[in-house]
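Descriptive structure summary
Below are the chains, spelled out letter by letter.
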Amino acid sequence: MDKLYKTVLATVTAASVLVCSACAGAPAADQVQDPDVGKTLPEMTEKITIPASIFKFANTDIEDNMEAFEDYCTDVRRDGDDLILEVTPTQKEELIEMYAGSIDDVLEDMEKDEQGYYVEADTDHSRFIYHIDENIDGILQAKMLLTITTSDVLTGIMETGDPNWSVSAKIVNCHTGLTVGEGTFPDGSITFGPDEWKASYDGGAWLGARQEEVMDMTGLTGPYEELTDTQKGVVTSVVQMLDWIEGKYEQQFHYISYAPGDAVEQEHLKVYPEQGGESDVVTVYRTYENGMYRYEDDYGAILMRPAYEEQVRAFAEQYLPSEGIKIYTEIKNGGSGAAEEEAILNEVSAVTYIFMDDALCSEQYEAFLEAVPDWLTENCQGVPAGIYLRMAESEAWKQIGRSDYEDKLREDIYTEEAECAISGSGKVTVY
C-alpha cells in the first residue's frame, strides 16, 4: 500500500457515509416537562457544524450524508459545503454512541486478526498512532485508518461543537516500535510503501535498546528475556507511555514512577520534561478497551503556569515588594496549553499561593488582601480560582520553594493566613 488517505482509501470508501441509517433507529425529539404549566415541550436543540473537510477526508458525498443525518437529527441543512445539524442532547448522544460502535467494530476485526495490532489515541481526538505491520489486510487497514479516525473526529466535533479539527496520525511498526509514516490531517497525507516498511525493521535493536533504557529507569536488572511476565508488562507499558508523551511534545521526558492501575486508581506514568525541572511533574493517564489505548496528560497545565503566575505577580507587585513574595500556581483544569495569554485568567481554573516574608509591613499585607476580591471578580469570571496568602517568618520563608511548597503548607510556620476564592458562578469568598 503506497499512499494512504489520498489513493487507496478513496477507492475502498467511495460509497461511505458518516452516519449509517442501518445502525440504529432514529431517536425521536426529546420531551421535557414544563413545571409551570404541566405540559410536555420539545427539548431545546443545539447547532453543530459538520465541515466540508470531513466529507473530503472520508471521500464521501455530502448529499448522501445529508439524507442519512436526517434520520437522526431534528433538522439538517447545507451551508455551502458544510452541513448544519440541529440536535437534542439525546440525539447527539445517539450519534456519539454510533461513532463509538463504528470504532468498536473495526477494533473487533483487528482483534480477530490476532497479529497484535492496536491503536493509541488522545482523549481530545487530536492524535492517533496505528500499530500494525505490512502484512495487515488492505481492507482492514483502510477501515482502521479511515473509520476510526473519522468517527473519533466526529465525536470530538459533537462533544465540543467546534468544527475546526486537526489530527496528527502516525503508522508504527508493531514489532519494532519504529515509525513508518506520519502526517497531519485534513490538509496532509501519509505516504509509505515497501521501502518504508523495510526501513522500520532493525532486527529489534531499537526496541531492545529502549527496553534496556526503561529497565534501568525502573530498577529492573538482568536480561529482558529473564524478567517475569509482570515485569515485562511494566517495561512495555512504560515504553509505550514514554513514546506517547515524547512524540506528542517532541522532547525527552525523565521517568519518575509508574502505576499499572487497578480498581482504585487509573494506570499512569509520572515524568518531568527535559525543558523543565524535576518539580514540573507531568502525569500521563491511560485506559484500554477493545484494542484501543486512550491517553491524556496534564503537561498543558505546566505550560500555561508561567503566563498565569506572571499576571498574578503583576497584580501582587502593585502592593507588595517583589523581593518579599514567592508565587506558585497549580492549574486545576483548562490546561490545554492553548489559551491566549491575555485571556488565561478567565479560561483556566487555578489556585495560587503567595508566600510572604513577614518583614513586610502589616499595612502592605492588609491593602493587598483588601484588593484581592475585586481583582478576582474583574479577572477570573467564569472559572473557579483562588489566591491563598501565607506569611512566614523570614528564615522559614526562605526555605519555601516550588518543589516543596505543598509540603510546607502543612507546617505550622505561618504568622498570617487568608484565602480568597471565586466560584464558577462569580461568588467571591474570603476566609
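The rules behind these values
Residues numbered from 1 in each chain as written. Predicted model: local features only at pLDDT ≥ 70, side-chain atom pairs only at ≥ 80, totals over all residues. Heavy atoms only, no water. pLDDT = per-residue confidence, 0-100. Contact = heavy atoms within 4.5 Å. Core = buried A, V, L, I, M, F, W, Y, C linked by side-chain atoms within 4.5 Å. Buried < 20%, exposed > 50% of the residue type's maximum accessible area, 1.4 Å probe, protein only. Helix = DSSP H or I, 4+ residues; strand = E, 2+ residues; numbered from the N terminus. Pairing = 2+ DSSP bridges. Axes fitted to C-alpha atoms, helices over the stretch in contact; angles between N-to-C directions. Salt bridge = Lys/Arg side-chain N within 4 Å of Asp/Glu carboxyl O. Phe/Tyr/Trp six-rings, centres within 6.5 Å; stacked < 30°, edge-to-face > 60°.

Should pLDDT be low for a region, the predicted coordinates there are not to be read in detail. When pLDDT is averaged along the protein chain, the result is 87, and 89% of the positions lie at 70 or above. Taken together, the stretch residues 21-29 has pLDDT below 50 and engages in 16 contacts with residues farther than four places along the chain or on a different chain.

Of all hydrophobic cores here, the largest spans 52 residues; its most connected members are Ile50, Phe69, Leu95, Met144 and Ile148. In terms of residue count, the dominant contributor to this core is helix H5 (residues 138-160) (nine residues). Beyond its immediate chain neighbours, meaning those up to four positions away, Leu95 contacts Val19, Phe69, Tyr72, Cys73, Val87 and Met158. Trp375, Cys380, Ala385 and Met391 belong to the second largest nonpolar core, which has 33 residues in total.

With that settled, the discussion passes to the sheet that holds strand E13 (residues 268-273). Spatial strand order, E10-E9-E8-E7-E15-E14-E13-E12: eight strands in an open sheet with mixed pairing. In the strand order of this sheet, the two ends are held by strand E10 (179-185) and strand E12 (253-259), each with one partner. Across the sheet, the axes of successive neighbouring strands diverge by a mean angle of 20°, strand direction being ignored. Of the pairings in the sheet, the one linking strand E9 (residues 167-173) to E10 comprises six bridges and is antiparallel in character.

Right, let's talk about the pattern of salt bridges for a bit. Per the stated rule, a full pass over the model turns up 22 salt bridges. Residue Arg390 is joined to Glu417 by a salt bridge in which the shortest nitrogen-to-oxygen separation is 3.5 Å. Here Glu417 lies in strand E19 (residues 414-422) and Arg390 lies in strand E18 (residues 385-392), a separation of 27 residues in the sequence. A relative accessible area of 7% places Arg390 in the buried class. Counted as one network, the salt bridges with shared partners bring together Arg210, Glu213, Asp243 and Glu246.

This model, assessed by the stated rule, comprises 21 aromatic pairs. Geometrically, the ring pair formed by Trp244 and Tyr295 is stacked, given 4.6 Å between the ring centres and 15° between the ring planes. Here Trp244 is found in helix H8 (residues 229-249), whereas its partner Tyr295 is found in strand E15 (residues 292-297), with 51 residues between them in sequence. The residues Trp244 and Tyr295 share a single accessibility class, namely buried.

Quick look at the sheet that holds strand E20 (residues 428-430) now. Note: strands within a sheet are paired through backbone hydrogen bonds, in either parallel or antiparallel orientation. Strand order in this open sheet of five strands is E16-E17-E18-E19-E20, and the pairing throughout is mixed. Taken across any chain shown, the strands that pair with only one partner, and hence form the sheet edges, are strand E16 (325-333) and E20. Strand-to-strand twist in this sheet, taken as the mean axis angle between neighbours without regard to direction, amounts to 10°. The pairing of E16 with strand E17 (residues 349-357) spans eight bridges and is antiparallel. Residue Ile327 lies in a different strand from E17, and its bridge partner there is Ile354. Here helix H9 (residues 299-316) sits on the sheet in contact with E16, E17 and E18, set at roughly 135° to E16. The sheet contacts of helix H10 (residues 362-379) involve E17, E18, E19 and E20, and relative to E19 the element is tilted by about 15°.

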